[in-house]
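Chains, contacts and geometry: an overview
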Amino acid sequence: MKTQSNIEKRDLTSGSVFQTLIVFSLPFMLSTLLQTLYSMVDMMAVGNFVGKEGLSAVATGGQLMELITVFCVGFSTAGQIIISQHMGAHQEAKVCRISGTLCTILAGLALFLTAVGILGADVFLKILNIPPEAAGHAHTYVTICSLGILFTGFYNMIAAVFRGMGDSRHPLIFIAIASVINIVLDLFFIGVLKWQVAGAAAATVIGQASSVICSVIFLYRHQKEFYFSFRLQNFKPDRRMAKLLLSLGIPLGLQSSAVQISFLFVNSMINGLGVSVSAVFGAGQKLRNIPGIMTQAIGLGATAMIGQSFGAGLTDRVSKIYKSGCMVNAAIGTVITVVFFLFPEASFRLFTTDKGVLEYAPVFMFTLLIEIPAKIFMPSGSALISGVGNTRLSMTLALCDAFAGRIFLTWLFGNKLGLGAFGCFLGYTLATYVTAVPQVVYYLAGTWKGRKRLIAES
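Conventions adopted
- Residues numbered from 1 in each chain as written.
- Predicted model: local features only at pLDDT ≥ 70, side-chain atom pairs only at ≥ 80, totals over all residues.
- Heavy atoms only, no water.
- Helix = DSSP H or I, 4+ residues; strand = E, 2+ residues; numbered from the N terminus.
- Buried < 20%, exposed > 50% of the residue type's maximum accessible area, 1.4 Å probe, protein only.
- Polar contact = N/O pair within 3.5 Å; in protein donor to acceptor, adjacent residues only side chain to side chain.
- Salt bridge = Lys/Arg side-chain N within 4 Å of Asp/Glu carboxyl O.
- Phe/Tyr/Trp six-rings, centres within 6.5 Å; stacked < 30°, edge-to-face > 60°.

We now examine the environment of Ser16. Within the secondary structure, Ser16 sits in the segment before α1 (17–49). A residue is classified by how much of its surface remains accessible, and Ser16, at 39% relative accessible area, is partly exposed. With 434 residues separating them in the primary sequence, Ser16 and Gly450 have C-alpha atoms 24 Å apart. From its side chain, Ser16 meets the backbone nitrogen of Gln19 in a polar contact 3.3 Å long.

Below is the structure:
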């Protein structure tokens, strides 16, 4: 539907499930594509102008920053779930209190995490066993990116508000602003000014800041349409909403932290195998994100749709959303499998021409293909669990994925069985099934249908 000011907000509880999922998810897909694109430009610029040391530094530093900022993303997702259920139940009046409370919590959290990133950079990088030749670059990258955590937190918060209300178009616009600015500044800072890794970090922070400024200006001009208020009193935390946000945000944050910790463990083991293996793993994760762009977008769209539908009590529609998401991701997985199978080495040449790195390209791509079947079900499974508000189950699965899956399997194949780089890559991808299989069982069991809606607690 459209308001008088022509701001689009979509009712996700009616109409064709498949069509709504595709149309609503497409902006998310483009948003994630843009984010991945400017992340890849970071890696491509650093790889070509700095070398494999720069690739290793940005890959390790980038993963460390994701670990530091996961709680911002967790609380934003919690806000989206609560807002979407209230919108589905037509309780829009409570959205303002939710948004204001979420904003205050994220501001305090972001400032704390900024200090953690700046003061703890050396310690974290040492734990990660980063190659000595890449350590200095990585420290610079983490320090500069830490200054942008506040912008990361606020972008995720605003995007969550829009998604919960059924608006997927404006988050795309704001991330497009960040992406264009980041790419232009990457080429200028790294290629022209020769700022090396510092240039990549500075471009990222400035791009994020520009996006947040534009989104805040837009939200200020359309406060009524998005049930938001910039009055100071609106930012005073509402006790009930804060309790609800904490009950969802903390498990989601711990869930993401567990996944990131497991990734950093894998990264540490791989860093110990040398800078070439570290570089191929870092570049490979960017290629891994390509199918993830589309499957995660379907998952984001499904989460908002399930949240609104579950809030409205439409459990049959929730089931249809889950199945439609799996169907779309099956088609995506088939296409990606063919491309990766046919062009493994050519894909890595986007980042580097170093022979030592390219030798590992086919090995990494082979292990990457193994997880494609699991990726068909995971986005819909995560959307279902999050959309109905079962964040404790989501956290439990993430802990199993991280420790019983990625850490154990990477150690088993890479270290215990002595398979080296291949074993590390294999263990990391096989761990995806530790989450995917229980998610399918949860859907088939149907116990989610009896969960209490979040609107009853607020």
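What follows deals with the pattern of salt bridges. In the structure shown here, the tally under the stated rule is two salt bridges. For Arg97, the salt bridge goes to Asp238, with nearest N and O atoms at 3.0 Å. Of this pair, Arg97 sits in helix α3 (residues 95–127) while Asp238 sits in the loop between α7 (196–221) and α8 (239–271), and the two are 141 residues apart along the sequence. Arg406 is the salt-bridge partner of Asp401, the closest N and O atoms lying 2.7 Å from each other. For Asp401, a relative accessible area of 2% gives the class buried.

For the coordinates displayed, the defined rule picks out 19 aromatic pairs. On the basis of an interplanar angle of 65° and a centroid distance of 5.3 Å, the ring pair of Tyr220 and Phe230 is categorised as edge-to-face. Placement of the pair is Tyr220 in helix α7 and Phe230 in the loop between α7 and α8, with a sequence separation of ten residues. For Tyr220, a relative accessible area of 52% gives the class exposed. A relative accessible area of 29% means that Phe230 is categorised as partly exposed. Considering the side-chain rings of Phe281 and Phe364, the 6.1 Å spacing of their centres and the 75° angle between planes classify their relative orientation as edge-to-face. With Phe281 in helix α9 (residues 275–311) and Phe364 in helix α13 (residues 361–370), this pair connects stretches of sequence that are 83 residues apart. Taking the relative accessible area as the measure of exposure, Phe281 reaches 1% and is therefore buried. Accessibility expressed as a relative area gives 3% for Phe364, which makes it buried.

Treat this as a map of the structure, not an account of what it does.
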